[in-house]
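Below, each chain spelled out in residue letters.
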Amino acid sequence: MVTRRSRTTATLVGTALVLAAGILVVRHFTTPSEPELPTIPAAERPVVEAAARACPKVNVPLLAAQIHAESGWRPDADSGHAQGISQFTPETWAEWGRDGDGDGKADVWEPKDAIPSQARYMCHLYGMVKSLPGNPTKLALAAYNAGPTAVLEARGIPKIAETREYVDRILNTLLPQYRESEEKYAAKHSPRPSARVSRPSDSAPSGAALKSADSGP
């Protein structure tokens, strides 16, 4: 015979188990996921890789992080005084813009022109700041943002809030993310070694060996 107390106890135990299971399910589905890493758009990857190879001071993650900070990979980005995926001012583009895709014109709105021009200009800026004290990458990035004259006059990163935030965001936030992203990309796309297929000649003696064995000592 089941008493009322037994039924009550069983009900309470069952309710507790259901609540515990519910808590576990909620906890499972509300666990924060790993933040998604930024990646180089597929259309721009060949251009970025080629541009980075053209300048020994610039690598793919750094160039990608800088483009991300400049325009968020938007070829039509227009800040009002700088244009395109690499955010060149008209004055700087007139001097450093190049025809990267071979169509006969240097177009600031065309990533195939702008990204190689960006890498080339960064190489030039590295050369300009090499005599200054401090981290040359920080100085080159600051010169890209504020202009080389401002960096040379300050003999370092000028006290411009936008420039300091720009350099800090690229080197301390975006660059580590793109490094990790590129490591994962390389691991995913690196060619896998093919399995060695055993051929009859790998395990069987050659005809010459058989003949030698037949002749004896």
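Scroll up a little and you will see the structure.
Report on the accompanying structure. (Residues numbered from 1 in each chain as written. Predicted model: local features only at pLDDT ≥ 70, side-chain atom pairs only at ≥ 80, totals over all residues. Heavy atoms only, no water.)

A count of helices and strands for the protein chain gives ten helices and zero strands. Here the protein chain holds 217 residues, and the buried ones make up 32% of them. Partitioning the intrachain contacts of the protein chain with sequence separation of at least 6 by distance along the chain shows that 51% fall at a separation of at least 24. For the protein chain, the accessible surface area stands at approximately 14,200 Å², while carbon and sulfur atoms represent 56% of it. (Helix = DSSP H or I, 4+ residues; strand = E, 2+ residues; numbered from the N terminus. Buried < 20%, exposed > 50% of the residue type's maximum accessible area, 1.4 Å probe, protein only. Contact = heavy atoms within 4.5 Å. Areas by Shrake-Rupley, 256 points an atom, 1.4 Å probe, with all protein chains shown as cover.)

So, about the packing of helix α3 (residues 60–71) against helix α6 (residues 136–146). One can describe the packing of α3 onto α6 by two numbers: an axis separation of 13 Å at closest approach and a directional angle of 35 degrees. Crossing of α3 against α6: the hand is right-handed. For the pair formed by α3 and α6, the contact residues are L62, Q66 and E70 on the first element and T137, L141 and Y144 on the second. Residues that form the contact of α3 with α6 fall into these classes: three nonpolar, two polar and one charged. (Axes fitted to C-alpha atoms, helices over the stretch in contact; angles between N-to-C directions. Left-handed = near helix turned anticlockwise from the far one by under 90°. Nonpolar A, V, L, I, M, F, W, Y, C, P; charged D, E, K, R; others polar.)

As a further point, take helix α8 (residues 161–189). The end-to-end C-alpha separation of α8 is 40 Å, in line with the 42 Å expected for 29 residues at 1.5 Å each. Bending of α8 peaks at approximately 40 degrees at the position of L174, with proline P176 no more than four residues after it. Within the sequence span of α8, burial applies to T163, Y166, V167, I170, L171, L174, L175, Y178, S181 and E182. (Expected span 1.5 Å × (residues − 1). Bend = angle between axes of the 7 residues up to and from the residue.)

The values reported here are purely geometric and, on their own, carry no functional implication.
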